Amino acid sequence: MRGTNAVLGATGLAVFLALGEAVPRLGLVKEAYFPPVARIAGALGDELSDDTFWTALGDTLTGWALGLAVAVSAGIVIGVLVSVVPYLREATASTIEFLRPIPSVALIPLAVLLYGSELRSVLLLVVYASFWQVLVQVLYGIQDLDPVADETARSYGLGGWARVRYVLWPTALPYVMTGVRLAAAVALILTVTAELVIGAPGLGARIAIAQNSQAVPEMYALIVVTGLLGLVINVGARTVERRALAWHQSVRGEVTV
Amino acid sequence: MGALLDVSGLNKVYEGSGRRVEAVRDLTFTVESGELVCLVGPSGCGKTTLLKCVGGLLAPTAGQVTLSGRPVSGPPPGMAFVFQEYGRSLFPWMRVGDNVELPLKQKGLSKSRRGELVDDALRSVGLADAAGAYPWQLSGGMQQRVAIARALAYEPEILLMDEPFAAVDAQTRADLEDLVRGLWRERGITILFVTHDIDEAVYLGERVLVLSGSPTVVRERLRIDLPAERDQLHTRVAPRFAELRTHVYEQIQAAKRGTPAPEPSDRIVDVEDRPVDKS
């Protein structure tokens, strides 16, 4: 079954690539805007042998990783605090519901005003967008605490910190993992967006330059790279999730006793 | 010398959303060191509330619980709890051994001492090989054994058990009853066992406290004069067992109807022996 799915997936991709090659060649779309796959692949090859491409990729990954790291740590720490301290959750709920839907891109002017086109601008946008993903999941996760598990911990004399570490955190972990996976994807989108719009160095800025200089195949090649990056990040996040949650129902599956 | 556990005038009222529910009205009883006492009452009579108050998990509205002379205001260090919901009480993210060890870490015991206690406790519930498994890889009965092992390793002054076998099948239940009875006799631990099952209460207990319906009071205190050596096959068909269980059953039925108890409830009752049983 697994093998069949892999074959089907590969066939689908091959057909897609073949169409991408054939449609421009047949003149169905303008070759100037939609270059055939082979030319995009050629441009991609050129990019890969160019040092400045790797610098741009490094910049993008730096923005992504730093932003994600800050957002995840802040989301977890603040999420736990808000849940654990009495009344804090009720007091912050409306503020969170107000701030959360603000699209991060709406903060681009602010970021430019504050930091110009530096890395810090990118980080501001990335952190703002991914922080909520993590925070909200942490809040849900902690709410999922089983009263019996909590009473067990209390009856065996586990103090506040021990309960957070041994009971609350593992309970929330499946949610946290989902939050991190969503945040990782959002962080990549915002990193590229910020580079594209603000012109902070990175793949996004390189796409803008390729477009401005009519280097259409290069532009597509860079878009493909961002797509592949997203794919790798998602697969990586899922792998980490499966490892960390081997004990959880969603991963362990049915156990026959 | 006072009793190990002393519950006096315990009262618990739940208040919320305009409703006032008196779950436990006035409970007074003691458990001596080394005793196995069963609390039995009709379902919904506030047994769990009572046990949570005794265990310091709930604050009583009035009255006092003392353990070894010290008033209980939160979960006391000398108490271990076995819950009915073993699947939720064991942590699925920890292996069996770690589940048993966790409370010992909190006690600040050395690593080698913890290891000894965990091994010993798992061996005494017949799960010496299961330390490396996850709780969810075990059957329900085995999971409840792990929960019992966790309580034993904790070396409590008193073990509180809240309907621990209500969620397992009849055969497993009989095995677990014998396990608890065996551990009690071997280790001389003190157990307060709450159940809704009359047979279980009579089979296990040295004393049975029959509770009234909610709001709960102690309806009767009954000494179980069955021999210390009990087994599922013979004890349960003994005429004396039948008499005692019938007596408790009548009391529970009367409690459900709300008839007042025939005897004053602060006196230990011995059920009349019929002459034929004395031979």
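Residues numbered from 1 in each chain as written. Chains lettered and ligands numbered in written order. Predicted model: local features only at pLDDT ≥ 70, side-chain atom pairs only at ≥ 80, totals over all residues. Heavy atoms only, no water.

1. Notes on the overall build of chain A
Tallying secondary structure elements over chain A gives eleven helices and zero strands in all. Reading chain A from its N terminus to its C terminus gives the helix and strand order α-α-α-α-α-α-α-α-α-α-α. Relative to the compact-globule value of 18 Å for 257 residues, chain A shows a C-alpha radius of gyration of 23 Å, a clear excess of over 25%. Projecting the C-alpha coordinates of chain A onto the three principal axes gives extents of approximately 75 × 55 × 30 Å. Expressed as a percentage of its 257 residues, the buried residues of chain A come to 40%. In chain A, once contacts between residues fewer than 6 apart in sequence are set aside, the share between residues at least 24 apart is 71%. Approximately 13,900 Å² of chain A is accessible, and the part contributed by carbon and sulfur atoms is 68%. In chain A, which carries 16 positive and 18 negative side-chain charges, the distance between the mean positions of the two groups comes to 6 Å. (Helix = DSSP H or I, 4+ residues; strand = E, 2+ residues; numbered from the N terminus. Rg over C-alpha atoms; globule rule 2.2 N^0.38 Å. Buried < 20%, exposed > 50% of the residue type's maximum accessible area, 1.4 Å probe, protein only. Contact = heavy atoms within 4.5 Å. Areas by Shrake-Rupley, 256 points an atom, 1.4 Å probe, with all protein chains shown as cover. Lys, Arg positive; Asp, Glu negative; His and termini not counted. Charge placed at Lys NZ, Arg CZ, Asp CG, Glu CD.)

2. Structural notes on the interface of chain A and chain B
With 23 residues of chain A at the contact, the number on the chain B side is 27 residues. Interface area for chain A against chain B, summed over the two sides, is near 2,200 Å², with a carbon-plus-sulfur share of 66%. Contact with chain B buries area across many residues of chain A, yet Tyr156(A), Tyr166(A) and Trp247(A) alone supply 32% of it, more than any other trio. The residue Lys52(B) makes a salt bridge to Glu151(A) at a minimum N-O spacing of 3.2 Å. For the interface between chain A and chain B, the tally reads eight residue pairs in polar contact (both at pLDDT 80 or more). Listed by contribution, the elements that provide at least two residues to the side of chain A that touches chain B are helix 7 (147-155) and helix 8 (160-198) of chain A. (Buried area = accessible area lost by both parts, 1.4 Å probe. Salt bridge = Lys/Arg side-chain N within 4 Å of Asp/Glu carboxyl O. Polar contact = N/O pair within 3.5 Å; in protein donor to acceptor, adjacent residues only side chain to side chain.)

3. Quick word on the packing of aromatic side chains
With the rule as written, the count across this model stands at nine aromatic pairs over all chains. Consider the rings of Phe53(A) and Trp54(A), whose centres lie 5.2 Å apart with planes at 75 degrees: the pair is edge-to-face. Residue classification places Phe53(A) among the buried positions, given a relative accessible area of 1%. Taking 5.4 Å as the distance between ring centres and 5 degrees as the angle between the ring planes, the aromatic pair formed by Phe91(B) and Trp93(B) counts as stacked. Comparing Phe91(B) with Trp93(B), the two get one shared label, buried. Taken together, the ring pairs in this structure connect Tyr128(A), Phe131(A) and Trp132(A) into an aromatic cluster. (Phe/Tyr/Trp six-rings, centres within 6.5 Å; stacked < 30°, edge-to-face > 60°.)

4. A word on the confidence of the model for chain A
As a note on interpretation, predicted positions should not be read in detail where pLDDT is low. Averaged over chain A, the pLDDT score is 91; the fraction of residues at 70 or greater is 97%. Within chain A, the element-level pLDDT minimum falls on helix 11 (residues 249-252) of chain A, averaging 79, and the maximum on helix 3 (residues 51-84) of chain A, averaging 95. (pLDDT = per-residue confidence, 0-100.)

5. Things to note about the environment of Tyr86(B)
Summarising the element assignment, Tyr86(B) is placed in helix 2 (residues 86-89). For the pair Tyr86(B) and Gly16(B), spaced 70 residues apart in sequence, the C-alpha to C-alpha distance is 29 Å.

6. Notes on the pattern of salt bridges
All names here are of chain A. Evaluation of the coordinates by the stated rule reveals 29 salt bridges over all chains. The salt bridge involving Arg120 is made with Glu118; its shortest N-O contact spans 3.5 Å. By relative accessible area, Arg120 is classed as partly exposed at 44%. Salt-bridge contacts for Glu241 lead to Arg181; the nearest nitrogen and oxygen are separated by 2.7 Å. A residue pair is termed long-range when its members are at least 10 positions apart, and Glu241 in helix 10 (residues 216-244) and Arg181 in helix 8 qualify at 60 residues. Assessed through its relative accessible area of 16%, Arg181 is described here as buried.

7. Section: empty space enclosed by the protein
The full count for this structure, using the stated rule, is one cavity of 30 Å³ or more. By volume, the largest cavity is sized at about 40 Å³. Along the walls of the largest cavity sit Thr152(A), Ala153(A), Tyr156(A), Leu158(A), Phe91(B), Asn99(B), Leu102(B), Pro103(B) and Arg150(B), which together make up its complete lining. Those elements that place two or more of their residues in the lining of the largest cavity are helix 7 of chain A together with helix 3 (96-107) of chain B. Per-element tally for the lining of the largest cavity: the top contributor is helix 3 of chain B, with three residues. (1 Å grid on protein atoms, 1.4 Å probe; cavity = no way out; pocket = protein on both sides within 12 Å on 5 of 7 lines; lining within 4 Å. Points joined across faces, edges and corners; volume = space filled by probe spheres on them.)

8. Regarding unusual backbone geometry
At Tyr87(A), a residue that is not glycine, the phi angle is positive and equals roughly 70 degrees. Looking at the secondary structure, you find Tyr87(A) in the loop between helix 3 and helix 4 (88-99). Its identity is not glycine, yet Glu163(B) carries a phi of approximately 40 degrees, on the positive side.

9. Let's talk about a nonpolar patch on the surface
Residue and element names in this part refer to chain A. A cluster of nonpolar residues, Val77, Ile78, Leu81, Val85 and Leu88, forms a patch on the protein surface that exposes about 380 Å² of accessible area. Ranked by residues supplied to the nonpolar patch, first place goes to helix 3 with three residues. Relative to the helices and strands, Val77 is located in helix 3. (Patch = residues over 30% accessible without salt bridge, like charges linked within 9 Å, V, L, I, M, F, W, Y side chains within 5 Å.)

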